[in-house]
Amino acid sequence: MEQKTTPTITELEREIDALRRRVAELEIPARRYEALLDGGIVSMMIYDGESRVLEVNRRWEQLWSLSLRDVAGWRLLKDEQVSANGSLPLVERAFWRGEATALPTIRYDPVQADTLQKGVARWVASSLHPVSDAEGNVAEVLQIHVDVGELKQSEDELRIQTAQLEAAIAERTQRLEEQLRVSEDQQRAIAALSTPVLRLWDGILALPLIGHIDAGRAARILDVLLHAIVDTQAEHVILDVTGVPFMDAEGARHLRDTVRASSLLGARCAIAGISPAMARLLIDCDLGFDGVPIVASLQDGLRRLLSSRNGDRTIGAAGAVAAGAQRRDPARRDEPRER
């Protein structure tokens, strides 16, 4: 038989020193865990391998208004709220595979749990941390809860404020669109007033122009005038430019185009109120209005047209009388006979 040797005092002292160092090394993680468990800030609970609750800390009791005795028959793997939230596969991974897992944020209500039916509902984010034994099997699982109720409330308030802001923006946009429509209607009304076509007499139109004539306004003038000529079957148009303080070459060309377009519809144009400066511009730019009557004012133009009409009627009437007289006295159509 082998004879056992008795350790010497020196050897025993070495072993004791090694054990003391090992205990000192283990004391730091233990104190760290104790500080986390009893710190009163983070909610913690410890499960066995079957998800039965072994231990809870003070913060957990404060958070849920429950005690360890209240959850004696409750199991995390069997909880319906966890399953409905879609977190059950993550919980199974922690308990069955030993993988640390973060769970989605959930509003958990202990009152709805069959084995609890008491406590306070909370919005929490949590994580599972498996603890394996020497053989690698899950012996315990530590769950840490973080109360995110204030954050969730802030999110809800922000969502409500965003919805209110969007509604206010939509309402403001609608008002602006209505104002824009009114403004567009006013612009159209102003444009119509800025190009008024007046019916002075049967077959005679007048178009008083006021202000600067640019390309856009010239197009409106031409459009309004041509429609008025067609609608009234007008034969004469007086373009009154007395209210145009300044006309450049572009404006003069637009005016000439208006005269030409009117003639294509059978209406002759006269221009009234040309200023000396405008006359010089027309000569300098070689934009004379050949064949277009030029009158001093709108009244002069109307008077001339009416006089011309009356003259035509007088000539026509005199000719008719003479023709009738000849028909009544055939002898007058021959030379006087000699007696």
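Description of the sheet that holds strand 5 (residues 138-147)
So, step 1. The strand order across the open sheet built from five strands is 2-1-5-4-3, with neighbouring strands paired in antiparallel fashion. In the strand order of this sheet, the two ends are held by strand 2 (53-56) and strand 3 (101-108), each with one partner. The average angle at which neighbouring strand axes cross in this sheet is 25 degrees, direction not considered.
So, step 2. In terms of strand pairing, strand 3 meets strand 4 (residues 122-132) through six bridges, oriented antiparallel. Within strand 4, the residue paired with Tyr108 across the bridge is Arg122.
So, step 3. Against the sheet, helix 4 (residues 88-97) touches strand 1 (43-48), strand 3, strand 4 and strand 5, its axis set at about 135 degrees to strand 3.

Section: the sheet that holds strand 6 (residues 198-201)
So, step 1. Across the sheet, which stays open at both edges, the five strands sit in the order 6-7-8-9-10 with mixed pairing between neighbours. The sheet is open, and its two edges are formed by strand 6 and strand 10 (294-295), each paired on a single side.
So, step 2. Across two bridges, strand 9 (residues 268-272) lies against strand 10 in parallel orientation. Its bridge partner being in strand 10, Ala272 is matched across the sheet by Val295.

Overview of the nonpolar core
So, step 1. If you look at the biggest cluster of nonpolar residues, it comprises 27 residues, and the most contacted ones within it are Tyr47, Trp74, Leu76 and Val91.
So, step 2. Of all the secondary structure elements, the ones that give two or more residues to this core are strand 1, strand 2, helix 2 (58-64), helix 4, strand 3, strand 4 and strand 5.
So, step 3. Setting aside anything within four residues of it in sequence, one finds Val91 in contact with Leu76, Leu77, Val82, Leu103 and Leu128.
So, step 4. Of all hydrophobic cores here, the second largest spans 26 residues; its members include Leu207, Leu225, Val237 and Ala252.

A short note on the packing of aromatic side chains
So, step 1. For the structure on display, the rule yields three aromatic pairs.
So, step 2. A centroid spacing of 6.2 Å and a plane angle of 45 degrees characterise the contact between Tyr47 and Trp74, whose relative ring orientation is tilted. Here Tyr47 is found in strand 1, whereas its partner Trp74 is found in the loop between helix 2 and helix 3 (80-84), with 27 residues between them in sequence.
So, step 3. Given a relative accessible area of 0%, Tyr47 falls into the buried group.
So, step 4. The exposure class assigned to Trp74 is buried, which follows from its relative accessible area of 8%.

Section: a negative patch on the surface
So, step 1. The grouping of Glu34, Asp38, Glu55 and Glu140 at the surface amounts to a negative patch.
So, step 2. Assignment of secondary structure puts Glu34 in helix 1 (residues 9-37).

So, unusual backbone geometry
Backbone geometry follows two general trends: most residues other than glycine have a negative phi, and most peptide bonds adopt the trans configuration.
So, step 1. With a phi close to 55 degrees, Gln117 is a non-glycine residue in the positive phi region.
So, step 2. With respect to the helices and strands, Gln117 occurs in the loop between strand 3 and strand 4.
So, step 3. Classification of Gln117 as exposed rests on a relative accessible area of 53%.
So, step 4. Its identity as a non-glycine residue notwithstanding, Gln233 has a phi of 55 degrees, on the positive side.
So, step 5. Checked against the element boundaries, Gln233 lands in the loop between helix 6 (215-232) and strand 8 (236-243).

Quick word on the pattern of salt bridges
So, step 1. What the rule picks out here adds up to eight salt bridges.
So, step 2. One salt bridge connects Glu171 with Arg175, and the closest N-O pair in it is separated by 3.2 Å. Of this pair, Glu171 and Arg175 both sit in helix 5 (residues 149-194), four residues apart, roughly one helical turn.
So, step 3. Residue classification places Glu171 among the partly exposed positions, given a relative accessible area of 47%.
So, step 4. A salt bridge links Arg199 to Asp202; its shortest N-O distance comes to 3.4 Å.
So, step 5. When its relative accessible area of 54% is taken as the criterion, Arg199 is described as exposed.
So, step 6. Given a relative accessible area of 54%, Asp202 falls into the exposed group.

With respect to the confidence of the model for the protein chain
So, step 1. Per-residue confidence for the protein chain gives a mean pLDDT of 82, with 81% of residues at or over 70.
So, step 2. Considering each helix and strand of the protein chain separately, the mean pLDDT is smallest for helix 9 (residues 298-328), with a value of 64, and largest for helix 4, with 95.
So, step 3. Segment residues 314-328: pLDDT under 50, and one contact once partners within four positions in sequence are set aside and those in other chains are kept.

Some words on helix 4
Two residues of an α-helix separated by three or four positions point the same way, owing to the 3.6 residues in each turn.
So, step 1. Of the positions making up helix 4, those classed as buried are Leu88, Leu90, Val91, Ala94 and Phe95. Around the axis of helix 4, the buried residues are gathered within 165 degrees of arc, so they sit on the same side. Every exposed residue of helix 4 that faces more than 90 degrees away from the buried side is listed here: Pro89, Trp96 and Arg97.
So, step 2. The first or second residue beyond helix 4 is Gly98, which carries a positive phi of 75 degrees.

Criteria and cut-off values
- Residues numbered from 1 in each chain as written.
- Predicted model: local features only at pLDDT ≥ 70, side-chain atom pairs only at ≥ 80, totals over all residues.
- Heavy atoms only, no water.
- Pairing = 2+ DSSP bridges.
- Helix = DSSP H or I, 4+ residues; strand = E, 2+ residues; numbered from the N terminus.
- Axes fitted to C-alpha atoms, helices over the stretch in contact; angles between N-to-C directions.
- Contact = heavy atoms within 4.5 Å.
- Core = buried A, V, L, I, M, F, W, Y, C linked by side-chain atoms within 4.5 Å.
- Buried < 20%, exposed > 50% of the residue type's maximum accessible area, 1.4 Å probe, protein only.
- Phe/Tyr/Trp six-rings, centres within 6.5 Å; stacked < 30°, edge-to-face > 60°.
- Patch = residues over 30% accessible without salt bridge, like charges linked within 9 Å, V, L, I, M, F, W, Y side chains within 5 Å.
- Areas by Shrake-Rupley, 256 points an atom, 1.4 Å probe, with all protein chains shown as cover.
- Salt bridge = Lys/Arg side-chain N within 4 Å of Asp/Glu carboxyl O.
- Lys, Arg positive; Asp, Glu negative; His and termini not counted.
- Charge placed at Lys NZ, Arg CZ, Asp CG, Glu CD.
- pLDDT = per-residue confidence, 0-100.
- Arc of directions from axis to C-beta.

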